[in-house]
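Examining the three-dimensional arrangement
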Amino acid sequence: QVQLVESGGGLVQPGGSLRLSCAASGSIGSIYSMGWYRQAPGKQRELVAGFRTGGSTNYADSVKGRFTISRDNAKNTVYLQMNSLKPEDTAVYYCYANTHLSGSAWGQGTQVAVSS
């Protein structure tokens, strides 16, 4: 199985930046895609950014040009750099990993709040 631990959330003013980290452990070799979802109060969970099989990336239209997903394979860690944050980015952010062996794994979630 794969375990995911997120960090880096917090409170930031509009226009500010945060970087989220997601460290993976366990059956790392079974992961074929990985990224971030978010869920705002009263809304469905939505894909924010992710690495597809083969390494290409995809982003939600609402974050294109502001958020960047990256990874450090040596550290088994995926990052989400979030710039020009808006109040509508407020949500719990979840790291996910899709694996060949055990389906999807999820982190515990990290809260991001954008407010003045």
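Residues numbered from 1 in each chain as written. Predicted model: local features only at pLDDT ≥ 70, side-chain atom pairs only at ≥ 80, totals over all residues. Heavy atoms only, no water.

Overview of unusual backbone geometry
Rules: Put simply, DSSP marks the helices as runs of H or I at least four residues long and the strands as runs of E at least two long, and each gets a number from the N terminus on.
Its identity is not glycine, yet Asn76 carries a phi of approximately 50 degrees, on the positive side. When you line up the elements, Asn76 lands in the loop between strand 7 (67-72) and strand 8 (77-82). A positive phi angle is found at Ser84, which is not glycine, with a value near 50 degrees. For Ser84, the location among the structural elements is in the loop between strand 8 and strand 9 (91-99).

Topic: the packing of aromatic side chains
Keep this limit in mind: Working definition: a ring pair exists when centres of Phe, Tyr or Trp rings (six-membered ring for Trp) sit within 6.5 Å. Plane angles under 30 degrees give stacked, over 60 give edge-to-face, the rest tilted. Accessibility here uses a 1.4 Å probe with only protein chains present; expressed as a share of the type maximum, an area under 20% marks a residue as buried, one over 50% as exposed, and anything in between as partly exposed.
Under the criterion given, the structure shown has 3 aromatic pairs. Here Tyr37 and Tyr96 contribute two aromatic rings whose centre-to-centre distance is 5.2 Å and whose plane-to-plane angle is 75 degrees, an arrangement assigned as edge-to-face. With Tyr37 in strand 4 (residues 31-39) and Tyr96 in strand 9, this residue pair connects regions lying 59 residues apart in the sequence. Residue classification places Tyr37 among the partly exposed positions, given a relative accessible area of 25%. The class for Tyr96 is buried, based on a relative accessible area of 8%. Between Tyr37 and Trp106, the aromatic rings sit 5.3 Å apart at their centres with planes inclined by 65 degrees, giving edge-to-face as the arrangement. On the criterion of sequence distance, the pair formed by Tyr37 in strand 4 and Trp106 in strand 10 (residues 103-106) is long-range, its members being 69 residues apart. A relative accessible area of 38% means that Trp106 is categorised as partly exposed.

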